[in-house]
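# Geometric and topological summary
Chain residues, written in single-letter form:
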Amino acid sequence: MPGLAECQSLLRLLVARGDPKAIPVAKGAIDQYLNTAPACLRGRGLRVLQRDMLEQHGAAVGVQRSFAETVDAYIAGKLAEE
C-alpha cells in the first residue's frame, strides 16, 4: 500500500519517543497516508496502523502508552469516517 510502510515506521518511532508534542506529527502522517492512498485501500491501511498501535500500546509504558492510545483513538475516528 502506498505510503503505509513509511507512515507505520514514523508512528512507531514517535510512540517510542512518547513526546506528546509530536501528536500533530503523527496525525499529519496518518492524514498524508489517507490523502495519497487509493480510496479502496484506506480502510485496510488504517486497520493495519491501528493493529500496530495496539501492539505498541501493549509493549509500551508511561508516556509511550499514552501516545499510542492517542494515535489509536485518532485512527479509530478516521475509520469511522470511512
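Cut-off values and rules
Residues numbered from 1 in each chain as written. Predicted model: local features only at pLDDT ≥ 70, side-chain atom pairs only at ≥ 80, totals over all residues. Heavy atoms only, no water. Helix = DSSP H or I, 4+ residues; strand = E, 2+ residues; numbered from the N terminus. Expected span 1.5 Å × (residues − 1). Buried < 20%, exposed > 50% of the residue type's maximum accessible area, 1.4 Å probe, protein only. Arc of directions from axis to C-beta. Contact = heavy atoms within 4.5 Å. Core = buried A, V, L, I, M, F, W, Y, C linked by side-chain atoms within 4.5 Å.

This part is about helix α2 (residues 23–36). What sets the pattern is the α-helix's 3.6 residues per turn: residues three or four places apart point alike. Between its first and last C-alpha, α2 extends 20 Å over 14 residues, near the 20 Å set by a 1.5 Å rise per residue. Within α2, the full set of buried residues consists of Ile23, Ala26, Ala29, Ile30, Tyr33 and Leu34. One side of α2 holds all its buried residues, which, seen down the axis, span an arc of 135°. Exposed residues lying more than 90 degrees from the buried face of α2 are Pro24, Gln32 and Asn35. Elements that come into contact with the buried residues of α2 comprise α1 (4–17), α3 (39–59) and α4 (62–81).

Turning our attention to the nonpolar core. Cys7, Leu11, Ile30, Phe67, Val71 and Ile75 are the most contacted members of the largest nonpolar core, which has 22 residues in total. For this core, the secondary-structure elements that each account for two or more residues are α1, α2, α3 and α4. Non-local contacts of Ile75, meaning those with residues more than four positions away in its chain, are made with Ile30, Leu46, Leu49, Gln50 and Met53.

It is worth spelling out the side chain of Gln50 at this point. Here Gln50 shows up in helix α3. For Gln50, a relative accessible area of 18% gives the class buried. Apart from the residues within four sequence positions on either side, Gln50 is in contact with Asp72, Ile75, Ala76 and Leu79.

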